[in-house]
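# A look at the structure
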Amino acid sequence: MTGTDSIGARLDQALLIRRPDPETGAPWPAPDADRHPAPSPRSGWAAGARPAIHRLFLLGEGIGASRTPALHEAEGREQGLWLSYRILDSLEWGITAADLPAVIEWARTSGFSGFNVTHPFKQAIIEHLDGLSDRAAALGAVNTVVLRDGAAIGHNTDWCGYQTPFRAALPGACTGTVVQLGAGGAGAAVAYAMLDLGTPRLIIHDLQTQRARELADRMNRLFGADRAQVGTDLATSLDGAEGLVNATPMGMATHPGCPVPPELLRPDVWVSEIVYFPLHTELLLQAREMGCHTVDGAGMAAEQAAQAFELFTGVTPDAARMHARVRAMAA
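Residues numbered from 1 in each chain as written. Predicted model: local features only at pLDDT ≥ 70, side-chain atom pairs only at ≥ 80, totals over all residues. Heavy atoms only, no water.

## A word on the sheet that holds strand β10 (residues 243-246)
The strand order across the open sheet formed by six strands is β9-β8-β7-β10-β11-β12, and the pairing between neighbours is parallel. Two strands close off the open sheet at either side, each with one partner strand: β9 (228-230) and β12 (294-295). Bridge analysis of strand β7 (residues 177-181) against β10 gives four bridges, and the strand direction is parallel. Across the sheet, the residue bridging to Val179 is Leu244, located in β10. Against the sheet, helix α7 (residues 185-196) touches β7, β8 (201-205), β9, β10 and β11 (270-273), its axis set at about 170° to β7. Packed onto the sheet, helix α8 (residues 209-223) meets β7, β8 and β9 and runs at close to 165° relative to β9. (Pairing = 2+ DSSP bridges. Helix = DSSP H or I, 4+ residues; strand = E, 2+ residues; numbered from the N terminus. Contact = heavy atoms within 4.5 Å. Axes fitted to C-alpha atoms, helices over the stretch in contact; angles between N-to-C directions.)

## Quick look at the side chain of Asp99
Mapping Asp99 onto the fold places it in the loop between α3 (90-93) and α4 (100-109). Although Asp99 is buried, it makes no salt bridge; Arg10 carries the closest opposite charge, 4.8 Å away. Once residues within four sequence positions are removed from consideration, Asp99 is found in contact with Ile7 and Gly94. (Buried < 20%, exposed > 50% of the residue type's maximum accessible area, 1.4 Å probe, protein only. Lys, Arg positive; Asp, Glu negative; His and termini not counted. Salt bridge = Lys/Arg side-chain N within 4 Å of Asp/Glu carboxyl O.)

## Focus on the side chain of Asp158
Tracing the sequence through the fold places Asp158 in helix α6 (residues 158-169). When residues no more than four places from it in sequence are discounted, the contact partners of Asp158 are Lys122, Asn143, Ala189, Met300 and Gln304.

## A word on the pattern of salt bridges
Counted by the stated rule, this structure contains nine salt bridges. Two residues, Glu105 and Arg108, come together in a salt bridge whose shortest N-O distance is 3.2 Å. Taken together, the residues Glu105 and Arg108, both in helix α4 and three residues apart, mark about one turn of the helix. Because the salt bridges share partners, they merge into one network encompassing Glu75, Glu78, Asp318 and Arg321.

## Overview of the packing of α6 against helix α11 (residues 298-313)
α11 packs onto α6 with a crossing angle of 130° between their chain directions and a minimal axis gap of 7 Å. The angle between α6 and α11 places the two elements in the oblique class. For the pair α6 and α11, the crossing hand works out as right-handed. Between α6 and α11, the residues in contact are Asp158, Cys160, Gly161, Tyr162, Thr164 and Pro165 and Gly299, Met300, Glu303, Gln304 and Gln307, respectively. Split by residue class, the contact of α6 with α11 holds four nonpolar, five polar and two charged. (Parallel < 35°, antiparallel > 145°, perpendicular 65-115°, else oblique. Left-handed = near helix turned anticlockwise from the far one by under 90°. Nonpolar A, V, L, I, M, F, W, Y, C, P; charged D, E, K, R; others polar.)

## Some words on the nonpolar core
Of all hydrophobic cores here, the largest spans 33 residues; its most connected members are Tyr162, Phe166, Met194, Ile204 and Trp270. Looking at this core, the elements that each hand over two or more residues are α6, α7, β8 and α8. Tallying contributions element by element places α7 first for this core, with nine residues. Those residues in contact with Trp270 that lie beyond four places of it in its chain are Phe166, Leu170, Ala173, Cys174, Val178, Met194, Glu242, Gly243, Leu244, Val245 and His293. Core analysis: the next-biggest nonpolar cluster, separate from the first, contains 26 residues, Ile7, Leu11, Val117 and Ala136 among them. (Core = buried A, V, L, I, M, F, W, Y, C linked by side-chain atoms within 4.5 Å.)

## Things to note about helix α10 (residues 282-290)
Where α10 is concerned, the buried positions are Leu283, Leu284 and Ala287. All buried residues of α10 fall inside an arc of 95° around its axis, so they share one side. (Arc of directions from axis to C-beta.)

## Observations concerning the sheet that holds strand β2 (residues 82-89)
As summarised here, the arrangement of the six strands in space is β2-β1-β3-β5-β6-β4, forming an open sheet in which the pairing is mixed. Each edge of the open sheet is held by one strand with a lone partner, namely β2 and β4 (131-132). With two bridges joining them, β4 and strand β6 (residues 151-155) adopt parallel strand pairing. Its bridge partner lying in β6, Gly131 is registered against Ile153. Where α11 meets the sheet, its contacts fall on β1 (53-60), β2, β3 (114-117), β5 (144-148) and β6, and the angle it forms with β5 comes to roughly 10°.

## Some details on the pairing of β6
As defined by bridge partners, β5 adjoins β6 across five bridges and the pair is classed as antiparallel. Bridged to Leu147 within β6 is Ala152. The hairpin turn running from β5 into β6, its antiparallel successor, is two residues long, and Asp149 in that turn takes a positive phi close to 55°.

## Looking at α8
A turn of α-helix holds 3.6 residues, and therefore any two residues three or four places apart point the same way. For α8, which comprises 15 residues, the first-to-last C-alpha distance of 21 Å matches the rise-based estimate of 21 Å (1.5 Å per residue) to within 8%. Along α8, the positions that sit buried rather than exposed are Ala212, Leu215, Ala216, Met219 and Asn220. End-on view of α8: buried residues confined to an arc of 135°, all on one side of the axis. For α8, the secondary structure elements touched by its buried residues are β7, α7, β8 and β9. (Expected span 1.5 Å × (residues − 1).)

Below you can see the structure in the form of structure tokens.
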């Protein structure tokens, strides 16, 4: 058996074994000729051309507890779609960055509508795609891959997924220095969102200094020289800063811990988190104890999923319903 064949067999086992609908108990898929919701005008699907059956999955590391499948499948039922969403945990199934071309080709030939991508593949997958949306190209990170007409196109819904709920929670923020932890795929989206909101100075910290420097350079090309800088000492960066964003996996159930020593927090610093499971991360608990305004990761999880749902299916979801469901699942 070749390496590609071996990966295909693992993907078959991980993603194609039929399982009953979690709410109705019916096998999936069970097409219904009456299920034809109207296509979103932004989706690119012509009326009558968009399928009502969708296979999707999430690719990432340590994601077995993700609520994303339940979120998409529930909204699919509400919209009259037969939608299956599975987990492809790279740790469980032995998937590496070298396997990404085989994963894409398998998904394309197996009839999938697309898949979401999370840590650590958001940047590594780019070179294997057939094209990128303008935002994904600008950010250098992909979290959504749409498979249509034989092509795999990368999109990024993370930046607006983060920005929209953040702006609603803290409408007067981003007038001073913001410190960001993390320069990976999610970090690129958060940096873009922060600078797009008008943050005059964004200081980026990452364990890989070169990665932080590359992200700062990318953002400065988009927003102007010196808007993004690389931080080397967290205490110095936070001294006088308006806000702090954690764009690292630390705080997840599979990556426990707090990325900031509690003594560096101040009551006048707002703290924002991209992790949503658990909803109340150690960082947020420490920040609230200090008296900081906080923004949890549930809004980003729901908003980016809503926009990805529309890209995958061609149907505009009920975003408010998806936000409520994320909070209910994460509580």
